[in-house]
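Each chain, written out:
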Amino acid sequence: MIQLEEVDKAYQMGSMTIPVLKGINLIINEGEYVAIMGPSGSGKSTLMNLIGCLDRPTSGHYYLNGEDVSKADERKLAAVRNRQIGFVFQQFQLLPRMTAQKNVELPLVYAGVSQKERTKRAIEALEKVGLGDRKDHRPTELSGGQQQRVAIARALINNPSIILADEPTGALDTSSGQRIMDIFDQLHQEGRTVVLITHDPEIAARAHRQILLRDGQIVEDQNQGKEVSG
Amino acid sequence: MSLWENVKMALDAIWAHKLRSILTMVGIVIGVAAVIIIVAIGQGGEAELTSALTGDGNNVIIQPSSKFFMENNGVIPPDFITDLDLQGLRQIKGVENVITLSYETKSLSFREEEVDDVFIYGMNDNAVLESSGLKVAEGRAFRPADFQSGNAGALISHKLKEKLFGEEDPLGQIIRIGNQPVVVTGVLEPPVGFLASLQEMEVYLPQRTWSNVFGKSEIMQVMLEVDQPENMIEVGEKAVNLLHHNHNATDRYEVLNLQQIGDMISGITRVMTVVIGSIGGISLLVGGIGVMNIMLVSVTERTREIGIRMSLGATRTHILVQFLIESITLSVIGGLVGILLGSGVAALITLLSPWNAVVSWPVALGGVLFSMLFGVIFGLLPANKAARLNPIECLRHE
């Protein structure tokens, strides 16, 4: 469960303090399928970075599965990212020198899993996204949709409870994008928490809950079309 | 994450930029090779100089003490070493042979050619030549009968031959030492290697011939061939005591301490090696800075990779270690290649020149450890820079 309480995030630009998120209160229960929407500059990426433990709030609390991680140290945050969160980025963020399989293995390397086990699980994960026959290809030898599927396999490899996707179809054509969204639907059906960041209403409509951010605040929160009180 | 995993990752990264990695390593390669070659030549030279100056055998040399020498204004009295002394010395336990040496400088001529201040040695055994590493190149060494004769021939040094005879065959020619005619029966080989520059104008005569030439029979130096190296000190002491007793004197004879000379030579060559070696060290330092430079470039280039790794669960320590090991791997490969190159060049020097370059394995090992240390020192700054990056900014980095 993701629980944000009165979370503020501000960046320091020289002597100026620029507030990006203001008093965010948000609860995302386990197994929810959520889309976070908003215009550029609304703070949705910052919100995703906070939820993904890539950053810490300036003030307020963030409870992840009941644990307060808003004041956790760098090592603890790295462990959370490694085991509880799977990231999917718009630009795929694969390492170009490594094969698909090696890319997928990467989180397991930092989890201290043996090479043998890593190979086995990476192949399974690639098969799950339909790329079992592409395991030895490098990212440059794969299409955009295939690269994104490799990235999803990588996000899933450590069996995280939360999948965080930042504009996952933003760099893809419509049919590849559909295929990616099908995978997210399936992950949701498996019981994982899926949080999408998007500005595409069509993509957002696939989620069961839509949250709209504007100027660092949640202005709308609709669950299956109904308003929920933040 | 295991060390091997990190090394494999480092090798991948180094391999991905082959040319750049090779160019970076060149600095370390040259530095390590230079240090190894210089130390090898230094140590080889030291070994050669020591053996050239002190001889290979177990020889104890008895000479006039410096005090006695000064008091007599360098004139050695005729009774300095008598036949009785020689008999006594032969009976000391451990002495296998007693060799006598006399010397004097004299002008020397052949036809119209005259050379001043030539060292004329008188000796009672060919062992004097052997202990100095001298070999006969033309003609022959002295036969036992020559040592009995008062008018045997002379062995001349190579340099003297060149000076007096040029291309002419010197064997059988008569040279004049002062006014005394002596037949040349042999020419010595030119000294090789380290001592080549020290070669002198020299003539070697059998002891009796020497006495006839100079009209005197003083023995200035006695060399005792000892059976075991560990007996040398004892034999030396006994010999000096015996001579002082025979001549009823004190502080007149002394043992030439070869150990001291050897130590002195070692000291000089060691200082030389350290001085030149530190110049090699400076090139190693320059190589290390090259490594740091390329690692900084590498960190900047791989900013996005750092962000990706962090988002997948790498801690700052993981990133630090990754880049540190990459820098160490780069340096150590350079160090190993440097050792191979240095040893190869040292072997080539030994093969192609009179120098004997001895590769010192402690120095080679030191080279590897040193380059490893350089990898750490010059990797710390870039690795630390990488570890402090903000993952969010890294992911946005183009």
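How each quantity is defined
- The residue numbers shown here count from 1 along each chain, following its written sequence.
- Written order decides the labels, with chains lettered from A and ligands numbered from 1.
- A pLDDT threshold of at least 70 governs which residues receive local features in this predicted model, and a stricter bar of 80 or more applies before side-chain atom pairs are shown or counted, although totals over entire chains, interfaces and linings include all residues.
- Excluding hydrogens and water, the side-chain figures rest on all heavy atoms present in the structure.
- Labels follow the DSSP assignment, with helices taken as runs of H or I lasting at least four residues and strands as runs of E lasting at least two, numbered in each case from the N terminus.
- The quantity called the radius of gyration is restricted to C-alpha atoms. Its globule counterpart is 2.2 Å times the number of residues to the power 0.38.
- For every residue, the accessible area (1.4 Å probe, protein chains only) is compared with the maximum for its type, and the residue is labelled buried under 20%, exposed over 50%, or partly exposed between those bounds.
- Whether two residues are in contact is decided by their heavy atoms, any of which lying within 4.5 Å being enough.
- Note on areas: Shrake-Rupley, 1.4 Å probe, and residue coverage restricted to the protein chains presented here.
- Asp and Glu are treated as the negative residues and Lys and Arg as the positive ones, with His and the ends of the chain left uncounted.
- We put the charge of a Lys on NZ, of an Arg on CZ, of an Asp on CG and of a Glu on CD.
- Here the quantity called buried area is the accessible surface, traced with a 1.4 Å probe, that two parts lose on coming together, added over both.
- Take a side-chain nitrogen of Lys or Arg and a carboxyl oxygen of Asp or Glu: if they are within 4 Å of each other, that pair is a salt bridge.
- Think of a polar contact as two N or O atoms within 3.5 Å of one another; within protein, one of them needs to be a possible hydrogen donor and the other a possible acceptor, and neighboring residues in sequence only count if both atoms come from side chains.
- Note that Gly is not counted as nonpolar here; it falls among the polar residues with everything else outside the nonpolar set of Ala, Val, Leu, Ile, Met, Phe, Trp, Tyr, Cys and Pro and the charged set of Asp, Glu, Lys and Arg.
- To estimate how far a helix should extend, the number of its residues minus one is multiplied by 1.5 Å.
- Centres within 6.5 Å are what make two rings of Phe, Tyr or Trp a pair, Trp counting through its six-membered ring; a difference in plane orientation under 30 degrees is then read as stacked, over 60 as edge-to-face, and the rest as tilted.
- Only when DSSP finds a minimum of two bridges between them are two strands counted as paired.

**Q** It is not clear to me how the overall build of chain B should be interpreted in this structure. Could you clarify?
**A** Counting its secondary structure elements, chain B contains 14 helices and 10 strands. Its C-alpha radius of gyration of 32 Å places chain B more than 25% over the 21 Å reference for a compact globule of 398 residues. Taken along the three principal axes of its C-alpha coordinates, chain B extends 100 × 50 × 35 Å. Within chain B, buried positions represent 47% of all 398 residues. Considering only contacts within chain B whose residues lie at least 6 apart along the sequence, 80% involve residues at least 24 apart. With the model as given, the accessible surface of chain B reaches about 19600 Å², and the carbon-plus-sulfur share is 60%. Side chains of chain B give 27 positive and 41 negative charges; the mean places of these two sets differ by 12 Å.

**Q** Can you walk me through the overall build of chain A in this structure?
**A** Secondary structure assignment for chain A yields seven helices and 11 strands. For a compact globule of 230 residues, the expected C-alpha radius of gyration is about 17 Å, and chain A comes in at 18 Å, within 12% of that figure. Here the C-alpha coordinates of chain A stretch approximately 45 × 40 × 35 Å along the principal axes. The buried share of chain A, reckoned over its 230 residues, is 53%. The contacts in chain A between residues at least 6 apart in sequence include a share of 67% that link residues at least 24 apart. Of the roughly 10000 Å² of accessible surface on chain A, a fraction of 47% belongs to carbon and sulfur atoms. Distance between charge centres in chain A, computed from 27 positive and 29 negative side chains, equals 7 Å.

**Q** Looking at this structure, how should I read the interface of chain B and chain A?
**A** Listed as interface residues are 24 residues of chain B and, on the opposing side, 23 residues of chain A. Both sides of the chain B and chain A interface together cover about 2100 Å² of buried area, and 57% of this is carbon and sulfur. Here chain B and chain A share one salt bridge between them. When the shortest N-O distance is used, the salt bridge between Arg118 of chain A and Glu5 of chain B registers 2.3 Å. The interface formed by chain B and chain A includes eight residue pairs in polar contact (both at pLDDT 80 or more). Those elements giving two or more residues to the side of chain B that touches chain A turn out to be α1 (3–16), α11 (303–311), α12 (316–352) and α14 (391–396) of chain B. In terms of residue count, the dominant contributor to the side of chain B that touches chain A is α11 of chain B (six residues). The residue inventory of the side of chain B that touches chain A, partitioned by class, reads 10 nonpolar, six polar and eight charged.

**Q** How do you make sense of the pattern of salt bridges when you look at a structure like this?
**A** As a working rule, side chains carrying opposite charge can pair if their charged atoms are close by. One pass over the structure, following the stated rule, counts 27 salt bridges over all chains. A salt bridge links Lys128 of chain A to Glu190 of chain A; the nearest nitrogen and oxygen atoms lie 2.8 Å apart. One end of the pair, Lys128 of chain A, is in helix α4 (residues 115–128); the other, Glu190 of chain A, is in the loop between α6 (174–189) and β8 (193–197), and 62 residues separate them in sequence. Using a relative accessible area of 38% as the deciding quantity, one classes Lys128 of chain A as partly exposed. The closest approach of N and O atoms between Arg309 of chain B and Glu305 of chain B, which form a salt bridge, is 2.9 Å. Pair noted here: Arg309 of chain B and Glu305 of chain B are both in helix α11, with a separation of four residues, about one helical turn. On the accessibility criterion, Arg309 of chain B (1% relative accessible area) is buried. Take Glu305 of chain B: its relative accessible area is 9%, and that puts it in the buried class.

**Q** How do you make sense of the environment of Asp146 of chain B when you look at a structure like this?
**A** All names here are of chain B. Its location among the elements puts Asp146 in helix α6 (residues 144–148). A relative accessible area of 12% places Asp146 in the buried class. With 227 residues separating them in the primary sequence, Asp146 and Leu373 have C-alpha atoms 65 Å apart. Residues in contact with Asp146, not counting those within four places in the same chain, are Arg140, Ala141, Ala152 and Pro206.

**Q** Can you help me understand the environment of Gly66 of chain A in this one?
**A** Among the secondary structure elements, Gly66 of chain A is positioned in the loop between β4 (59–64) and β5 (67–68). Here the alpha-carbon distance between Gly66 of chain A and Gln189 of chain A, two residues 123 residues apart in the chain, equals 23 Å.

**Q** It is not clear to me how α1 of chain B should be interpreted in this structure. Could you clarify?
**A** In a regular helix each residue adds 1.5 Å, so 14 residues correspond to 20 Å; α1 of chain B covers 20 Å between its end C-alpha atoms and thus fits that length. Among the residues of α1 of chain B, Glu5, Asn6, Met9, Ala10, Ala13 and Ile14 of chain B are the ones counted as buried.

**Q** Is there a simple way to think about the packing of aromatic side chains in this case?
**A** Each aromatic ring pair is characterised by the separation of its centres together with the angle its planes make. All names here are of chain B. Taken as a whole and assessed by the stated rule, the structure comprises 11 aromatic pairs over all chains. Geometrically, the ring pair formed by Phe119 and Tyr121 is stacked, given 6.0 Å between the ring centres and 15 degrees between the ring planes. By relative accessible area, Phe119 is classed as partly exposed at 33%. Seen from their ring centres, Phe370 and Phe374 are 5.0 Å apart, and the 35 degrees between their planes marks the pair as tilted. Placement of both Phe370 and Phe374 in helix α13 (residues 361–387) is noted, with a separation of four residues, approximately one turn of the helix.

**Q** What's the story with the pairing of strand β6 (residues 174–177) of chain B in this structure? I'm lost.
**A** Two faces make up the sheet, and in a regular strand the side chains alternate between them. All names here are of chain B. Of the two faces of β6, the one lined by Ile175 and Ile177 is fully buried and the one lined by Ile174 and Arg176 carries no buried residue. Sheet topology note: the β6/strand β7 (residues 180–188) ladder contains four bridges and is antiparallel. Looking at the pairing, Ile174 lines up with Val183 of β7. Here β6 folds back onto β7 in antiparallel fashion, the turn holding two residues, of which Gly178 has a positive phi close to 65 degrees.

Such coordinate-based values are descriptive only and should not be taken to indicate function.
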